[in-house]
Amino acid sequence: MEKSCTLLIHHDKASPAVANEIKEALEGNDIEAKIDALKNAIMLLLNGETLPQLFITIIRYVLTSPDHTIQKLLILYLETIDKTDSKGKVLPEMILVCQTLMNNLEHPNEYIRGVTLRLLSRLRETEVVEPLIPSLLQNLEHRHPFVRRNAILAVMSIYKLPQGDQLLVDAPETIEKLLSTEQDPSAKRNAFLMLFNCDQDRAVNYLLTNVDKVSDWDELLQMVVLELIKKVCRTKPSEKGKYIKIIIALLNAPSSAVTYECAGTLVSLSSAPTAIRAAANTYCKLLLSQSDNNVKLIVLDRLNELKASHREIMVEMIMDVLRALSSPSLDIRKKTLDIVLELITHRNVNEVVQTLKKEVVKTQSGELEKNGDYRQMLVQAIHACAVKFPEVASAVVHLLMDFLGDTNVASALDVAVFVREIIESNPKLRVSIITRLLDTFYQIRAAKVFPFALWIVGEYCLSLSEVKSGIATIKQCLGEMPFFSASEEAESTDSSNKTPQNTAAIVSSRRPAILSDGTYATQSAASETVFSPSTVAQGSLASGNLRSLILTGDFFLGAVVACTLTKLVLRLEEVQSSKTEINRAKTQTLLIMVSMLQLGQSHVVPHSIDPDSYERIVLCIKLICHTSDEMKKIWLESCRQSFVKMLSEKQLRELEELKAKAQISNAQPDDLIDFFHLKSRKGMSLLELEDQVQDDLKRATGEFTKDENDANKLNRILQLTGFSDSVYAEAYVTVHHYDIVLDVTVINRTKETLQNLCLELATMGDLKLVERPQNYTLAPESQKKIKANIKVSSTETGVIFGNIVYETSNVTERNVVVLNDIHIDIMDYISPAVCSDSAFRSMWAEFEWENKVAVNTLIQDEKEFLDHIIKSTNMKCLTPTSVLEGDCGFLSANLYAKSVFGEDALVNVSIEKQSDEKLSGYIRIRSKTQGIALSLGDKITLKQKGKSS
């Protein structure tokens with residue numbers, strides 16, 4: 001078990017010194033050698049060595065040294081060593097040290113006095129401290145503040161010892177007198193801290209006596225005042241009114257640390273709108289005034305907490321929060337946008353969108369490296385605003401369409417998704433969006449953006465002029481047909497045997513791509529493609545980026561072009577009465593499609609056309625040649641209807657998520673409601689009145705009682721020992737973000753007093769005990785609550801084990817009761833989360849750790865098995881419910897969760913029902929770290945059987 005340590009010293013790893021060498025150096029006369037020997041001795045002690053033989057050597061040869069450096073190191077050595085033997089008695093050598101410490105407390109050098117007083121504040125042995133008390137009290141009136149401040153801390157430390165109130169009977173009164181005359185800020189802070197810890201009534205009396213001067217006190221003292229206020233208000237909630245006035249006065253303090261603590265204290269003590277508004281204003285000022293990004297992130301976390309409990313007040317502060325976008329940090333910008341998006345209302349949406357619009361314009365300057373990523377965030381934020389409030393879309397959609405040709409593919413893709421959704425939800429903008437899209441179509445560069453733009457053109461070009469413009473724009477971007485000539489194909493065929501100077505080999509590779517449902521497909525990518533000069537001329541930007549992409553072998557895009565042209569031709573038949581125009585459009589479209597098929601079967605491109613794209617293009621050719629009313633209806637109406645259905649389901653999911661986030665609290669029938677309005681209001685401030693009204697509302701809605709009625713608490717109580725053991729123990733496990741708290745209840749079931757009872761714990765995995773165990777005495781048939789804190793450093797499954805050791809008066813040997821193991825489950829660390837399909841696929845491709853679990857279950861229904869996995873893993877299903885409906889024998893779904901450490905957990909469930917009604921398939925888990933992938937895989941393996949597990 002690690003021992004408590006009050007020193008933290010940097011130590012370079014090197015060969016450790018030998019005890020004999022240290023002893024020889026200490027016995028010598030060389031001052032520098034003694035200094036090095038003392039340093040080595042302290043390092044060895046801090047590393048767990050005992051070195052008992054050195055203590056008497058140091059007393060003989062070092063204790064009386066006049067050198068100040070040696071004296072400083074001697075104090076540190078005395079602080080580090082064990083001052084008691086194995087039985088807990090003070091070592092006899094410590095008596096010899098007392099005289100030296102007394103001399104140091106009367107030393108003319110104030111530094112020697114100060115470091116000696118610092119040692120006294122860390123001594124816990126009454127026998128050593130008692131003879132030094134007269135000298136200690138004299139140092140309270142020393143002329144130098146360094147001595148006084150350390151003397152006050154020593155007094156506080158000694159007074160808090162088990163018999164300290166007997167050693168220093170009138171210490172609080174002495175310190176109170178000193179506090180009234182002290183001028184040094186640090187000494188004054190230490191004196192008030194002593195009263196705060198040792199005599200709280202005196203500290204409160206001093207504070208209320210000098211309440212008008214609190215604003216002028218030093219920031220160190222103000223911080224202690226805030227701690228005192230929090231402690232007093234927890235024990236006496238009825239008196240918080242007079243203390244809140246002090247906190248509000250301190251909100252204007254020049255120190256940022258004080259104002260931050262004031263805001264936090266105000267929020268914890270009061271729920272009155274005035275108090276919350278003052279705290280939010282303070283956080284917003286700190287957000288703008290602080291240059292440290294870490295401070296800004298912490299302040300944003302506090303604002304996010306306020307948003308969850310006091311949304312109405314935070315809505316008023318939305319423009320102040322938006323000012324944080326001036327920071328160049330992407331993390332700060334992202335967190336700011338996340339907070340703002342949840343505070344948007346009909347009243348402020350126009351201001352917010354105008355601010356975001358200005359920020360988008362700023363990203364065009366290109367001064368910063370991550371402008372593209374920031375622009376993507378802004379586009380997503382504007383998209384979210386436009387979905388909630390469609391009336392603002394007209395103000396930004398045309399500006400954003402300029403970024404369809406953005407070099408940042410992710411940003412351009414977000415713009416395309418935004419335009420596709422807005423053109424459906426805002427019919428009034430359809431004409432202007434189509435016109436702008438056709439004007440900027442030639443600027444699009446990314447192959448992922450083209451399908452969106454082409455789909456919009458094919459679905460929303462409705463009038464005659466729009467259809468003609470759409471066909472003409474696509475034809476212009478494709479260039480002259482065919483894509484290559486016979487002579488160019490011959491050159492390309494020859495280049496497979498030898499590579500002439502004007503051509504280069506085409507290096508292509510095949511890699512798996514992740515589809516929206518999480519399954520794999522094979523896609524080909526050309527890593528380097530250089531065609532003959534004539535082909536390059538035809539595929540240059542003069543003809544358009546669309547032609548260039550198709551010439552590199554992107555036949556999926558070619559199939560999308562064919563479908564779009566087919567829709568436009570079919571719609572042309574509806575809006576155009578001239579047979580000549582229709583036949584001309586059909587002829588041009590058929591030429592383009594046939595040219596694509598010819599290109600896909602030639603040697604000019606890196607690889608031949610894939611079967612899916614080939615079938616799609618052939619279907620389009622057949623449809624143009626032989627059109628039926630039923631097929632026309634499917635192509636021109638059904639596709640759009642499916643898109644509308646997808647949007648409505650998306651909105652429905654968002655509403656369900658909002659309902660799930662809403663806090664549902666119900667008051668019990670017999671809960672007490674205090675009718676404050678019938679009481680006397682004499683002498684109460686407006687803030688106290690508001691606070692009491694808020695308390696009444698919380699009682700009426702059951703907000704005060706919602707934590708107490710949590711039935712899940714019973715599930716977290718673990719029995720550690722048997723009912724027949726002499727000591728019964730059970731633990732209540734609380735998992736916080738980065739630590740685990742064990743509240744262990746120990747009950748003495750015997751008729752004897754248990755002495756030196758100790759709860760000894762050990763851990764396995766990435767868990768670490770924070771505190772060393774203490775010994776307790778337990779009376780017959782009594783109980784004791786013991787708390788143990790355990791630090792968590794990763795999401796790996798850990799185990800806590802140990803035993804309870806105690807002694808009885810009749811038996812000399814120690815008794816041991818072995819405890820049951822406590823398994824810390826990964827489910828305590830992860831919680832359901834939501835992300836977009838594109839973000840899921842991006843993370844799936846990026847994360848390197850994958851755990852593949854074969855399905856082995858007794859459950860025979862696919863949907864039932866998926867629900868069981870979701871419940872067992874505490875994850876969120878990203879696949880819409882409508883997609884999972886029906887009975888086809890196959891099921892594929894994506895699950896997502898986030899850990900308290902910010903790690904992402906991705907799961908894909910792919911299952912199939914066999915002929916014998918059994919389910920088969922795989923559950924694939926991906927994460928950035930190994931621990932979460934392995935732990936989640938073990939959990940699924942354990943739980944997946946369902947009925948038998």
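Reading the values: the criteria
Residues numbered from 1 in each chain as written. Predicted model: local features only at pLDDT ≥ 70, side-chain atom pairs only at ≥ 80, totals over all residues. Heavy atoms only, no water. Salt bridge = Lys/Arg side-chain N within 4 Å of Asp/Glu carboxyl O. Helix = DSSP H or I, 4+ residues; strand = E, 2+ residues; numbered from the N terminus. Buried < 20%, exposed > 50% of the residue type's maximum accessible area, 1.4 Å probe, protein only. Contact = heavy atoms within 4.5 Å. Pairing = 2+ DSSP bridges. Polar contact = N/O pair within 3.5 Å; in protein donor to acceptor, adjacent residues only side chain to side chain. Axes fitted to C-alpha atoms, helices over the stretch in contact; angles between N-to-C directions. Parallel < 35°, antiparallel > 145°, perpendicular 65-115°, else oblique. Left-handed = near helix turned anticlockwise from the far one by under 90°.

### Remarks on the pattern of salt bridges
Line of reasoning, step 1. Inspection of the entire model under this criterion finds 33 salt bridges.
Line of reasoning, step 2. Between arginine 122 and glutamate 79 there is a salt bridge, with its nearest N and O atoms 3.2 Å apart. One end of the pair, arginine 122, is in the loop between α6 (110-120) and α7 (126-129); the other, glutamate 79, is in helix α4 (residues 68-80), and 43 residues separate them in sequence.
Line of reasoning, step 3. On the accessibility criterion, arginine 122 (31% relative accessible area) is partly exposed.
Line of reasoning, step 4. Each of the salt bridges in this network shares a partner with another, and the network as a whole consists of Glu79, Arg118 and Arg122.

### Describing helix α24 (residues 393-400)
Line of reasoning, step 1. Residues Ala393, Val396, Val397, Leu399 and Leu400 constitute the buried set of α24.
Line of reasoning, step 2. Of the surrounding elements, those touching the buried residues of α24 are α22 (349-362), α23 (371-388), α25 (409-425) and α26 (430-440).

### Digging into the pairing of strand β18 (residues 919-927)
Line of reasoning, step 1. Most of β18 is tucked away: seven of the nine residues are buried.
Line of reasoning, step 2. Direction of pairing for strand β14 (residues 849-854) relative to β18: antiparallel, over a ladder of six bridges. Bridge pairing links alanine 854 to tyrosine 922 in β18.
Line of reasoning, step 3. One ladder, built from nine bridges, connects strand β17 (residues 904-913) with β18; its direction is antiparallel. Across the sheet, leucine 906 pairs through a bridge with arginine 926, a residue of β18.
Line of reasoning, step 4. Once β17 ends, the chain turns through five residues before running back antiparallel as β18, passing glutamate 917 with a positive phi of about 70°.

### Re unusual backbone geometry
Line of reasoning, step 1. The omega angle of the peptide bond from methionine 481 to proline 482 is 0°, so this bond is cis rather than trans.
Line of reasoning, step 2. Its place among the elements puts proline 482 in the loop between α28 (464-478) and α29 (486-494).
Line of reasoning, step 3. Positive phi, close to 50°, is recorded for asparagine 756, a residue that is not glycine.
Line of reasoning, step 4. Mapped onto the fold, asparagine 756 is located in strand β6 (residues 754-764).
Line of reasoning, step 5. Positive phi, normally seen in glycine, also occurs at glutamate 917, with a value near 70°.
Line of reasoning, step 6. Locating glutamate 917 in the fold gives a position in the loop between β17 and β18.

### Quick word on the side chain of asparagine 190
Line of reasoning, step 1. Relative to the helices and strands, asparagine 190 resides in helix α12 (residues 185-198).
Line of reasoning, step 2. Its relative accessible area of 5% is what places asparagine 190 among the buried residues.
Line of reasoning, step 3. Of note is the side chain of asparagine 190, whose polar atom sits 3.1 Å from the backbone oxygen of arginine 149.

### Regarding the sheet that holds strand β9 (residues 783-792)
Backbone-to-backbone hydrogen bonds pair the strands of a sheet. The strands run either parallel or antiparallel.
Line of reasoning, step 1. The five strands lie next to each other as β3-β4-β5-β9-β7, forming an open sheet whose pairing is antiparallel. Every interior strand has two partners, whereas the edge strands, β3 (717-719) and β7 (767-769), have only one. Averaged over all pairs of adjacent strands, the angle between their axes in this sheet comes to 30°, without regard to strand direction.
Line of reasoning, step 2. As paired strands, β7 and β9 are joined by three bridges and run antiparallel to one another. Directly across from leucine 767, in β9, lies its bridge partner valine 792.

### Things to note about the packing of helix α33 (residues 579-600) against helix α34 (residues 611-625)
Line of reasoning, step 1. Where α33 meets α34, the closest approach of the two axes is 10 Å, and the angle between their N-to-C directions is 160°. Between α33 and α34, the angle falls in the class roughly antiparallel. Crossing of α33 against α34: the hand is left-handed. Taken together, the residues of α34 that come into contact with α33 (itself represented by Lys586, Thr589, Leu590, Met593, Val594, Met596 and Leu597) are Tyr614, Ile617, Val618, Cys620, Ile621, Ile624 and Cys625.

### Here's the deal with the environment of proline 237
Line of reasoning, step 1. Take proline 237: it is sitting in the loop between α14 (219-235) and α15 (240-250).
Line of reasoning, step 2. In this structure proline 237 comes out as partly exposed when scored by relative accessible area, which is 48%.

No statement about biological role is implied by the geometric values presented.
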